[in-house]
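# Structure at a glance
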Amino acid sequence: MYRLTRKRRETFSTALALIAAACLTVFVAAVTARFSERLFLDEIRTRADASLAVQAATLERQLDKFRLLPPFLAQRPDVRDLISEGSRTDGERVASVVAAMSGAQEVVFLDMSGRTIASSTWPSQGPHSAGLNMFDTAFQEAMEGRLGRQLLPGDALRAGSYVFASAVRSGGQMVGAVAVRVDLASVEQAWALSKDPLLALDDSGIVVVTNRPSWRGRMVVEAPGGVQNPAVAGMPPSPMHLHARLRSGFEIVRLDDGAARLEALRLTKPLTVLGWQVSTLANTQIATSQTSKAWIIAALVCLLLTGAGWAALEKRKATVRKMRDDRAAALRLERRVRERTQDLSQANKLLAREVEEREAAEAELRLAQAELVQAAKLATLGRMSAALSHEFNQPLAAIRSNAENAQLLLERKMEDKAAGNLEKIIAMVERMAEISRTLKGFTRRAGTELKPVRLVTVIDEALMLLSPRIKRSDVEIVVDKGDTDPVVLGGRVRLEQVVLNLISNALDAVGGEAGAKVGISLKVEAGFALIEVADNGPGVSEELRSQVFDPFFTTKDVGEGLGLGLSIAYKIVHDFSGSLNVTASQDGGALFTVRLPLERESRAAAE
Ligand code: ADP
C-alpha cells in the first residue's frame, strides 16, 4: 500500500518535472529566439541602412545634377532669343548640344502657351506630337515663377523620368520656358546592384523609381490599418498591398505585388526636396532561418541540460535509494545479529545449565566412586584380614602345639626331641617374620635412596638368588640381556625384589610341566629400559589382568601365596616413575613388562 502510494507519488513528480522541463525549454528557446532575432534583424538593419543611404544619395545626386540646369539655360541670351523668336532649327541645335553635354534625357524649349518650340529628341524621333508637351505641370509652375517639377511615371517596360522647368524672360517679360527631362533609368541601373528591393514612392504612393521593373508605376496601398493612399487621377495603377507591423522594434512588412509575397524589414528615408520616400525591403529570410536555428539549438541545449540534470537527479536518487537499502540491510543484519546473539546467549545459558548438571553428575559420580573405593578398600581389608589371620593363625597354632610338645618332652627329659620342636617353632617364627617383612614393603616411602642402577646387575642378582630353586626344577631359563647396559634411577635391592618376584611367579606358573620355559630379556626402547619376563604357563586371562596387581589377590592355595608379590612390585616400579603391566607371551603364557625411564646420561648415550 505504502509502496503503491510512493510509486504513484514518484510518477506524479516525474510528470511534473517533465512538464516543468518542457515549459522551461520552450521559455528558454523562445527567449533565445527572440534575442537572436533582434540581433540578426539589427545586423540586417545596419546593413540595409547603409545601403539605403547610398542608394538614396544616388537618386538625390542624379536629380540635383539637373535641378539647376533649366534656370541656368534660361539666363543664356541665345536661348532667350531663340525662344522669343520661336526658332525651331536653332532651338533643336542648342537643345541637342545641351542634352549631349549635360547627359539629360531631353532638353525642350517651350513658348508662352506651353507648346514645344524645339526638343533635343526631335531630330531622331521625328516631329513631336504636334507641339504639345507632356510637361504641363512643370510648365505651369515655371510660369508661376518657380522651378517647375514634374514626374513622368514609367511603367513595367520603361523607366520614369523627371522634369525640371524654368521660365525664360526677355526684357522683364516671360517669353517661354526651358525644360530638362532627366531619365531615372540610370538610377535604377545603380539600384539594380542591390539584391534587396528598393523603391522610391512619391507623395501619392506611386512607385517612381525601383530596382524591380514590374513594380514601376504601381501604387503601394498600406492595408489594413495603413493609411489609404488617395487614388491618383485617371486610371489608378494596379495596387500592391503592403501590410506593416512592428516586431521586436523593427518594422516588418509583407508586400503582395499580385505575383508573389515578400516579407521584409522596411527602412525608409525621406527625400525632402522632392517629397518622396525611398524605402528598402531588406530580406529577413536569413534572420528567420537563423532564429529558427537558434531556437532549435537552444531547445536542444535545454533538452541536453535537462537530460543531464535528469540523469544526475536519477543518479542521486539511485544513490539515495542504495543508501536507504544499505541502511535497511545494515539494520536487518543488526537485527539478525541481535537475534543470533539472543539465541547464542540462550544456548549459552542452556550450556551453562548443562555444565552445572554435568558437574553435579560428576560430583555424584565421584561420590559413588569414593563409595566404591571405600567398598573396595573394605573388601581388600576383609581379604587381607582373612589371609593375614590365616597366615598368622596357622604358624601360631603350630608354634603353640610345638611349644606344648616341647614342654612335655622337656618334662620327660627328652631334650633331643624337644629341640626338634623348638626348631620347628623357630622356623614358624621365621616365616611370620618373613610375612611381616613383606608387609613392610608397603610402608616404605617412595622417592628415597634413588641411585643409578645397572639393570644387568639386577637381573644377575635375582637369578643368582633363585638359582637353587631353578636348579631343582626342570625349567629352561633363557636370558637375553642385549648389548646395551641400561642404567635407571632407583633402589637396587627393591628392583631385585621386583625381578625376583616376576621370575618366581613365572616358575610357579610353569610348575613342573615338561618343556617349561621362562625367558628374561632386557632392552632399551625410546628412552626407557624394558625388562620382560615371559613364560609358557597358563597365562593371565584378560578378566584377571586388572586384578593381579591388587594386594592380596592370589589364585594360589592357602599357605602358598599371599597375593602381595605383584602389588608390591607394582608399587616399587611406580615409585621409580616406571610402569608394570601384563600381556600374553608368544607361547600363550604370561608376559610381564617392567618399563623404567633411563637415567639421563645413559639416555643421552643411547641417543
Ligand atoms: P602370589 O604369588 O602370592 O599368589 P602374586 O601377587 O605374586 O601373589 O601373584 C598374584 C597372582 O597372579 C597369582 O596368584 C597368580 O594367579 C597370578 N600370577 C602371577 N604371576 C603369574 C604367571 N607368571 N602366570 C600366571 N599367573 C600368574
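Everything below is about the structure shown above.
In this report, we go over the structure that sits alongside the text. Throughout, a residue's number is its position along its own chain's written sequence, starting from 1. At least 70 in pLDDT is required for a residue's local features to be given in this predicted model, at least 80 for side-chain atom pairs to be given and counted, and no such filter applies to totals for whole chains, interfaces and linings, which use all residues. Each side-chain value is worked out from all heavy atoms of the structure, with water and hydrogens disregarded.

### Quick look at the overall build of the protein
Basically, it comes down to this: Counting from the N terminus, the helices are the DSSP runs of H or I reaching at least four residues and the strands are the DSSP runs of E reaching at least two. Throughout, the radius of gyration refers to the C-alpha atoms, and the reference size of a globule is 2.2 Å times the residue count to the power 0.38. Here, two residues are considered to be in contact whenever any of their heavy atoms come within 4.5 Å of each other. What sets the accessible areas is the Shrake-Rupley method with a 1.4 Å probe; for residues, cover comes only from the shown protein chains.
Broken down by element type, the protein carries 13 helices and 19 strands. Relative to the compact-globule value of 25 Å for 607 residues, the protein shows a C-alpha radius of gyration of 79 Å, a clear excess of over 25%. Its C-alpha atoms put the protein at 240 × 60 × 40 Å along the principal axes. Considering only intrachain contacts with a sequence separation of at least 6, the fraction spanning at least 24 residues in the protein is 59%. A total accessible area of about 35900 Å² is found for the protein, and carbon and sulfur atoms account for 57% of it.

### Regarding the sheet that holds strand β2 (residues 116–119)
Using the following cut-off: A pair of strands is treated as paired once DSSP finds two or more bridges between them. Between the N-to-C directions of two axes lies an angle of 0 to 180 degrees, each axis being a line fitted to C-alpha atoms and, for a helix, fitted only over the stretch in contact.
An order of β2-β1-β5-β4-β3 is seen for the five strands of this open sheet, with the pairing classed as antiparallel. Strands at the two margins of the open sheet, each flanked by one partner only, are β2 and β3 (148–152). Shown here is a sheet whose adjacent strand axes are inclined to one another by a mean of 25 degrees, direction ignored.

### Overview of the pattern of salt bridges
Rules: Put simply, a salt bridge is a Lys or Arg side-chain nitrogen that is within 4 Å of an Asp or Glu carboxyl oxygen. Under the scheme applied here, a residue whose accessible area is under 20% of the maximum for its type counts as buried, over 50% as exposed, and between as partly exposed, the area being computed with a 1.4 Å probe on protein chains only.
This model, assessed by the stated rule, comprises 25 salt bridges. Of the charged contacts in the structure, one is a salt bridge between D508 and R469, with a shortest N-O distance of 2.4 Å. One end of the pair, D508, is in helix α11 (residues 492–510); the other, R469, is in helix α10 (residues 455–472), and 39 residues separate them in sequence. The exposure class of D508 is partly exposed, given its relative accessible area of 35%. Note that D508 is salt-bridged to K556, the shortest N-O span being 2.8 Å.

### A word on helix α6 (residues 136–143)
Every buried residue belonging to α6 is among A138, F139, E141, A142 and M143, and all of these are buried. Packing partners of the buried residues in α6 comprise β1 (106–111), β3, β4 (161–170) and β5 (173–183). Trailing α6 by a residue or two, G145 shows a phi angle of about 95 degrees, which is positive.

### Things to note about helix α3 (residues 77–85)
Helical periodicity: at 3.6 residues per turn, an α-helix aligns residues three or four positions apart in one direction. Going by this rule: As used here, the arc is the angular range of directions from the helix axis to the C-beta atoms.
Regarding α3, the residues found buried are V79, L82 and I83. Summarising the axial view, the buried residues of α3 lie within an arc of 100 degrees, below the 170-degree limit, and thus occupy one face. Looking at the buried positions of α3, the neighbouring elements they touch are α2 (69–75), α4 (88–102), β1, β2, β4 and β5. Just downstream of α3, G86 is the residue with a positive phi angle, here 70 degrees.

### Thoughts on the packing of α11 against helix α12 (residues 565–575)
Note the cut-off: Put simply, a crossing is left-handed when the front helix is turned counterclockwise from the back one by less than a right angle, and right-handed when it is turned clockwise. Here the term charged refers only to Asp, Glu, Lys and Arg, the term nonpolar to Ala, Val, Leu, Ile, Met, Phe, Trp, Tyr, Cys and Pro, and the term polar to all other amino acids, Gly among them.
Remark: α11 packs on α12, axes separated minimally by 9 Å, with the N-to-C direction vectors making an angle of 145 degrees. The way α11 lies across α12 gives a crossing that is left-handed. Along its contact with α11, which presents R494, Q497, V498, N501, L502 and N505, the element α12 presents G565, L566, I568, A569, I572 and V573. Considered class by class, the residues forming the contact of α11 with α12 number seven nonpolar, four polar and one charged.

### Comments concerning the site of the ligand
Using the following cut-off: Residues are labelled near a given molecule or strand when at least one of their non-hydrogen atoms is within 4 Å of it. Between N or O atoms, a polar contact is any pair within 3.5 Å; within protein, one atom must be a potential hydrogen donor and the other a potential acceptor, and residues adjacent in sequence are included only when both atoms are from side chains.
Near the ligand, the surroundings consist of 20 residues, among which N505, T554, T555, K556 and L566 are the closest. One of the side-chain nitrogen or oxygen atoms of D535 is found 3.0 Å away from a nitrogen atom of the ligand. Residue L566 places a main-chain N or O atom 2.9 Å away from an oxygen atom belonging to the ligand. The protein chains hide 91% of the 520 Å² of surface that the ligand would expose on its own. For the shell around the ligand, the leading source of residues is α11, giving four residues.

### A closer look at the packing of aromatic side chains
Worth spelling out the cut-off: Each Phe, Tyr or Trp ring (for Trp, its six-membered ring) is paired with any other whose centre lies within 6.5 Å, and the angle between the two planes then decides the class: stacked below 30 degrees, edge-to-face above 60, tilted in between.
Per the counting criterion, the structure on display carries four aromatic pairs. Taken together, a centroid distance of 5.1 Å and an interplanar angle of 65 degrees make the contact between Y162 and F164 edge-to-face. Across the pair, exposure class does not vary: Y162 and F164 are buried alike. Between F549 and F592 the ring centres are 6.3 Å apart and the planes differ by 85 degrees, which places this aromatic pair in the edge-to-face class. Highlighted residues: F549 in the loop between β17 (528–535) and α12 and F592 in strand β19 (residues 590–597), separated in sequence by 43 residues.

### Details of the environment of E391
By secondary structure assignment, the location of E391 is in helix α8 (residues 285–411). Counting along the chain gives 247 residues from E391 to E144, while the straight-line C-alpha distance between them is 195 Å.

### Comments concerning the sheet that holds strand β8 (residues 219–222)
Strand pairing in a sheet takes place through backbone hydrogen bonds and is either antiparallel or parallel in direction. Taken in spatial order, the seven strands make up an open sheet running β7-β6-β12-β11-β10-β9-β8, and their pairing is mixed. Of all the strands in the sheet, the pair left with one neighbour each is β7 (207–210) and β8. Taking each pair of neighbouring strands and ignoring which way they run, the sheet shows an average axis angle of 35 degrees. Sheet analysis places strand β6 (residues 198–201) next to β7, joined by three bridges and oriented antiparallel. Within β7, the position partnered with L201 by the bridge is V207.

### Thoughts on the environment of K293
Following the sequence through the fold, K293 ends up in helix α8. In this structure the C-alpha to C-alpha distance between K293 and L381, which are 88 residues apart in sequence, comes to 124 Å.

### Here we look at the pairing of β6
Here β6 shows no split at all, with L198 and A200 on one side and L199 and L201 on the other all buried. In terms of strand pairing, β6 meets strand β12 (residues 276–283) through four bridges, oriented antiparallel. Counted as the bridge partner of L198 is T280 from β12. Between the antiparallel neighbours β6 and β7 lie five residues, among them G205 with a positive phi of about 90 degrees.

### Digging into the packing of α10 against α11
Where we set the bar: Should an angle fall under 35 degrees it is taken as roughly parallel, and over 145 as roughly antiparallel, whereas 65 to 115 is taken as roughly perpendicular and any remaining angle as oblique.
The geometry of α10 relative to α11 is characterised by a closest axis approach of 9 Å and an angle of 45 degrees between their N-to-C directions. When the interaxial angle is binned, α10 and α11 end up oblique. Classified by chirality, the crossing of α11 by α10 is right-handed. Of the residues in α11, those touching α10 at L455, V458, E461, A462, L463, L465, L466, R469 and I470 are R492, L495, E496, V499, L500, I503, S504, L507 and D508. Residue classes in the contact of α10 with α11 are distributed as 12 nonpolar, one polar and five charged.

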